[in-house]
Amino acid sequence: MAKINTQHSYPGMHSLSVRTIDEDIERIENGYIRTHSLYEDASSELQGVISVEGRHVPESQASSFTGRGAMARLSRFVLSVRSWAMRHLHHEDQRPDSFLERIRGPELVEVSTRQSNIRSFLGARERPGGANRQKKEVFVIDPSSNLYYNWLTIIAAPVFYNWCMLVCRACFDELQMDHIKMWLFLDYVSDIIYVLDMLVRFRTGFLEQGLLVKDEKKLREHYTSTMQFKLDVLSLVPTDLAYIKLGLNYPELRFNRLLRIARLFEFFDRTETRTNYPNMFRIGNLVLYILIIIHWNACIYFAISKVIGFGTDSWVYPNVSVPEYARLSRKYIYSLYWSTLTLTTIGETPPPVKDEEYLFVVIDFLVGVLIFATIVGNVGSMISNMNASRAEFQAKVDSIKQYMQFRKVTKDLEARVIKWFDYLWTNKKTVDEKEVLKNLPDKLKAEIAINVHLDTLRKVRIFQDCEAGLLIELVLKLKPTVFSPGDYICKKGDIGREMYIIKEGKLAVVADDGITQFVVLSDGSYFGEISILNIKGSKSGNRRTANIRSIGYSDLFCLSKDDLMEALTEYPEAKKALEEKGRQILMKDNLIDEEAAKAGADPKDLEEKIGRLEVALDTLQTRFARLLAEYSSAQQKVKQRLARVETRVKKYGSGSLSIAEAEAEKPEEEKKQ
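Residues numbered from 1 in each chain as written. Predicted model: local features only at pLDDT ≥ 70, side-chain atom pairs only at ≥ 80, totals over all residues. Heavy atoms only, no water.

## Focus: the overall build of the protein
Okay, so step 1: A count of helical and extended segments in the protein gives 27 helices and ten strands.
Okay, so step 2: Every one of the 673 residues in the protein was classed for burial, and the buried ones make up 30%.
Okay, so step 3: Residue pairs in contact within the protein that sit at least 24 positions apart in sequence constitute 70% of those at least 6 positions apart.
Okay, so step 4: When the accessible surface of the protein is split by element, carbon and sulfur atoms take 59% of a total near 44300 Å². (Helix = DSSP H or I, 4+ residues; strand = E, 2+ residues; numbered from the N terminus. Buried < 20%, exposed > 50% of the residue type's maximum accessible area, 1.4 Å probe, protein only. Contact = heavy atoms within 4.5 Å. Areas by Shrake-Rupley, 256 points an atom, 1.4 Å probe, with all protein chains shown as cover.)

## Topic: the pattern of salt bridges
Okay, so step 1: On inspection of all chains with the given rule, the structure shows 26 salt bridges.
Okay, so step 2: Residues Arg-254 and Asp-187 are paired through a salt bridge, measuring 3.5 Å at the closest nitrogen-oxygen approach. Separated by 67 residues along the polypeptide, Arg-254 in the loop between α11 (243-246) and α12 (261-274) and Asp-187 in helix α8 (residues 180-202) bring together distant segments of the chain. Grouping residues by exposure puts Arg-254 and Asp-187 together as buried.
Okay, so step 3: A single network of salt bridges, built from pairs that share partners, joins Asp-197, Arg-201, Asp-232, Arg-260, Arg-263, Glu-266 and Arg-270. (Salt bridge = Lys/Arg side-chain N within 4 Å of Asp/Glu carboxyl O.)

## Overview of the packing of aromatic side chains
Okay, so step 1: This structure, assessed with the given rule, holds 30 aromatic pairs.
Okay, so step 2: Between Phe-267 and Phe-268 the ring centres are 5.9 Å apart and the planes differ by 45°, which places this aromatic pair in the tilted class. Side by side, Phe-267 and Phe-268 carry an identical accessibility label, which is buried.
Okay, so step 3: Centre to centre, the rings of Trp-420 and Phe-421 are 5.2 Å apart; their planes meet at 75°, and the pair counts as edge-to-face.
Okay, so step 4: The partly exposed category is assigned to Trp-420, whose relative accessible area is 26%.
Okay, so step 5: Each residue in the set Phe-172, Phe-302, Phe-310, Tyr-317, Tyr-325, Tyr-332 and Tyr-334 is aromatic and connected to the rest through ring pairs, giving one cluster.
Okay, so step 6: Across from the ring centre of Tyr-194, 4.4 Å away, lies the NZ or CZ of Arg-260, which sits over that ring.
Okay, so step 7: It is Lys-491 that lies over the ring of Tyr-488; its NZ or CZ is 4.5 Å from the centre. (Phe/Tyr/Trp six-rings, centres within 6.5 Å; stacked < 30°, edge-to-face > 60°. Lys NZ or Arg CZ within 6 Å of the ring centre and 35° of its normal.)

## Some words on the packing of α12 against helix α13 (residues 278-308)
Okay, so step 1: α13 packs onto α12 with a crossing angle of 160° between their chain directions and a minimal axis gap of 10 Å. In terms of orientation, α12 and α13 fall into the roughly antiparallel class. Between α12 and α13, the contacting residues are Phe-265, Phe-268, Thr-271 and Glu-272 on the first element and Pro-278, Phe-281, Arg-282, Asn-285, Leu-288 and Tyr-289 on the second.
Okay, so step 2: Within the contact of α12 with α13, the residues separate by chemical class into six nonpolar, two polar and two charged. (Axes fitted to C-alpha atoms, helices over the stretch in contact; angles between N-to-C directions. Parallel < 35°, antiparallel > 145°, perpendicular 65-115°, else oblique. Nonpolar A, V, L, I, M, F, W, Y, C, P; charged D, E, K, R; others polar.)

## A few points about helix α23 (residues 561-568)
Okay, so step 1: Regarding α23, the residues found buried are Lys-561, Asp-563, Leu-564, Ala-567 and Leu-568. All buried residues of α23 lie within an arc of 165° about the axis, which places them on one face of the element.
Okay, so step 2: Those residues of α23 that are buried lie in contact with α22 (468-477), β3 (479-483), β5 (498-504), β10 (554-560) and α24 (572-588). (Arc of directions from axis to C-beta.)

## Structural notes on the environment of Ile-585
Okay, so step 1: You can see Ile-585 is positioned in helix α24.
Okay, so step 2: Between the alpha carbons of Ile-585 and Ile-530 there is a distance of 8.6 Å; along the sequence they are 55 residues apart.

## Here's the deal with the sheet that holds strand β4 (residues 488-490)
Okay, so step 1: On the basis of which strands lie adjacent, the open sheet formed by four strands has the order β4-β9-β6-β7 and antiparallel pairing. Two strands in the sheet have a free side with no partner beyond their single neighbour: β4 and β7 (517-521). Strand-to-strand twist in this sheet, taken as the mean axis angle between neighbours without regard to direction, amounts to 30°. (Pairing = 2+ DSSP bridges.)

## Observations concerning the layout of surface pockets
Okay, so step 1: Of the pockets and cavities examined, the largest pocket occupies roughly 1500 Å³.
Okay, so step 2: Contributing to the lining of the largest pocket are 35 residues, with Thr-430, Val-431, Asp-432, Glu-433 and Lys-434 lying nearest its centre.
Okay, so step 3: Counting residues per element, the ones that place at least two in the lining of the largest pocket are α16 (388-407), α17 (411-426), α18 (433-436), α19 (442-452), α22, β3 and β10.
Okay, so step 4: Grouping the amino acids of the lining of the largest pocket by side-chain chemistry returns 18 nonpolar, four polar and 13 charged. (1 Å grid on protein atoms, 1.4 Å probe; cavity = no way out; pocket = protein on both sides within 12 Å on 5 of 7 lines; lining within 4 Å. Points joined across faces, edges and corners; volume = space filled by probe spheres on them.)

## Focus: the sheet that holds strand β8 (residues 526-527)
Okay, so step 1: Strands sit in the order β3-β10-β5-β8 across an open sheet of four strands; the sheet is antiparallel. Here the strands that pair on one side only, and so sit at the sheet edges, are β3 and β8.
Okay, so step 2: Sheet topology note: the β5/β8 ladder contains two bridges and is antiparallel. Paired with Ile-501 across the strands is Tyr-526, a residue of β8.

## Quick word on the packing of helix α14 (residues 328-344) against helix α15 (residues 355-386)
Okay, so step 1: It is at 7 Å that the axes of α14 and α15 come closest, and there the two elements cross at 65°. Across the interface between the two elements, Trp-338, Thr-342 and Leu-343 of α14 pack against Phe-360, Val-361, Asp-364, Phe-365, Val-367, Gly-368 and Ile-371 of α15.
Okay, so step 2: For the contact of α14 with α15, a count of residues per class yields seven nonpolar, two polar and one charged.

## Concerning the pairing of β10
Okay, so step 1: Summarising burial for β10: seven of the seven residues are buried, a large majority.
Okay, so step 2: Here β10 shows a buried face lined by Ser-554, Leu-556, Cys-558 and Ser-560 and a second buried face lined by Asp-555, Phe-557 and Leu-559.

## A closer look at the nonpolar core
Okay, so step 1: With 26 residues, the main nonpolar core has Leu-470, Leu-474, Met-499, Ile-501, Leu-559, Leu-564 and Leu-578 as its most contacted residues.
Okay, so step 2: When contributions to this core are tallied by element, the ones reaching two or more residues are α19, α22, β5, β10, α23 and α24.
Okay, so step 3: By size, the runner-up hydrophobic cluster in this structure holds 21 residues, among which are Cys-299, Tyr-301, Val-316 and Trp-338. (Core = buried A, V, L, I, M, F, W, Y, C linked by side-chain atoms within 4.5 Å.)

## Re the state of the cysteines
Okay, so step 1: Scanning the model with the defined rule gives zero disulfides in all.
Okay, so step 2: Among the cysteines around Cys-168, which has no disulfide bond, Cys-299 carries the closest sulfur, lying 4.4 Å off.
Okay, so step 3: Since its relative accessible area comes to 8%, Cys-168 is described here as buried. (Disulfide = S-S within 2.5 Å.)

## A few points about the environment of Val-509
Okay, so step 1: Mapped onto the fold, Val-509 is located in strand β6 (residues 507-510).
Okay, so step 2: Using a relative accessible area of 14% as the deciding quantity, one classes Val-509 as buried.
Okay, so step 3: Taking the C-alpha atoms as reference points, Val-509 and Val-519, ten residues apart in sequence, are found 5.4 Å from one another.
Okay, so step 4: Not counting the four nearest positions on each side in its chain, Val-509 is found in contact with Thr-516, Gln-517, Phe-518, Val-519, Leu-521, Ala-546, Asn-547 and Ile-548.

## Re a nonpolar patch on the surface
Okay, so step 1: There is a patch of nonpolar side chains on the surface, built from Met-182, Phe-185, Leu-186 and Val-189 and spanning about 350 Å² of accessible area.
Okay, so step 2: Here Met-182 is to be found in helix α8.
Okay, so step 3: The class of Met-182 is partly exposed, set by a relative accessible area of 40%. (Patch = residues over 30% accessible without salt bridge, like charges linked within 9 Å, V, L, I, M, F, W, Y side chains within 5 Å.)

## Re the confidence of the model for the protein
Okay, so step 1: Confidence in the prediction for the protein averages 78 pLDDT; 74% of positions are at 70 or higher.
Okay, so step 2: Of all secondary-structure elements in the protein, the lowest mean pLDDT belongs to helix α1 (residues 9-29), at 41, while α8 reaches the highest, 95.
Okay, so step 3: In the predicted structure, residues 1-42 sits below a pLDDT of 50 and forms 16 contacts with residues beyond four places in sequence or in another chain.
Okay, so step 4: Throughout residues 90-94 the model reports pLDDT below 50, and contacts reaching past four residues in sequence, or to other chains, amount to zero contacts. (pLDDT = per-residue confidence, 0-100.)

Structure representation (structure tokens):
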């Protein structure tokens, strides 16, 4: 029997039961194989070795792996290596960025793996013999994941191979028979990948009500109900079994493998959305399509020449009995040359002689015109898209130049403006962020802005403890601004209507002469936050207390007072917290009048409230005037109807009007109205 501690029998039994359940759960998750952690056992044994052998080790042998205590030193080394590996392997233990956490919120965790296994196991233990009604989960591939894209890369290779080589092997007999073993190997490897692709499609999830479907039956029904399933099945029909009867020189039997072309197009679409150079990819993709069309046309030309007879007329391929035209390379290059000249319509080719030759050349010319139009249209649109930003920027520069010439601006100022535009274009600061992100929801806009400007924003004290909603509002209202060398951002005594955050560059706090520098502000610094908060009792009020000048080109974020107050309207608690924080900063710098701060409400605040009340009163007056006009119109219509009724009563006496007369008079009333 197991020995049980009698002093704590009940807790011991409780911990024993809990441990038993945990061990059972661990066995379930690990396939009833793992029972203990090898790392823990090894580390505990090594610690025991260190404690036993490390007591009597001389200092002279402390750094050596030989002599007495070598086992302890070796154990310490193994433990240090293990701890280093554990620190570098477990990245999930790193503390998440709190600044981003406030915007994103807690991430959703799917209760489908560990929790569901634990619950199902405990439920089965509580209900022995009960039926397990939970649906079996299967491995599902998310179409938006990297795993799915990597598989598209794999399946695109055999599809592209079949589209390029099958027609070439079918038309050029030497190419097929001289390398038959290699073709058979590549063919059946591509068939295996095709089969695996169908299995992948059976496990590819789709969205239903915004959620990824993981039910095996629904996934199967969704795939089998599509047209692509029928094409995939047809592409795997073993038509090459006819090799047994016809021989191996008929690769055209495998033309059904070309039906998997949708996978290649899907790969191109996904790559276009993922690449950072979409215009270059579109041009390369277009060139690839054109080359494949020219390749197929060359093979068809050679096949037609074979059917008609080599060298029978001037249009077909020359007689292969001539050694110069018997080589495989010359056959393909000659056909490719003829196909390129015909489809691009840029060269002279021998005229056709027979009717079938004329028909083929006419079709080629039509395809060539389509290709030429496609090339001109696509390349033209791509080039215009690539230069769209440059053309738009140049139009702005030209309009500014014309304006300065018309207004006769000084040459010095004109040169500064031109240099400012050059700086924007050279440093790629011409992008209008609001225009680019206008189609995104505000939440994503704010998260992108915080990710882009995180290192700058996290240094601003008033942003550090803001509510997530207010932080989103403020980040979306930040406006990037660029200042030229020598520009004044603010001067002493100016009314402060905005605060600034330095993203890049250096600013100097200068004296009134504009030359003497007191301090230099660099990246992450900010100023002007106190003047836009309207803190009661501030000695400087809302006026600037220093001259700040840009040393070189400086990139700043600007937050206006109106935008801040508009955002704080919905967050009164945050407004109080910001004012209190600003008040503490002023008290620290001895820039606040405590008596004025303890006094009544600030007259400026009262004026703002009165202004808002006046605006609200004007709105109410407008609505009341509209209602009064509608009431007067309705009252006038009622009076007119009563007058008409009195007239009829006087005309026909006290009797009532007949229904027919009333119906006859209705159109007349409508016309009068």
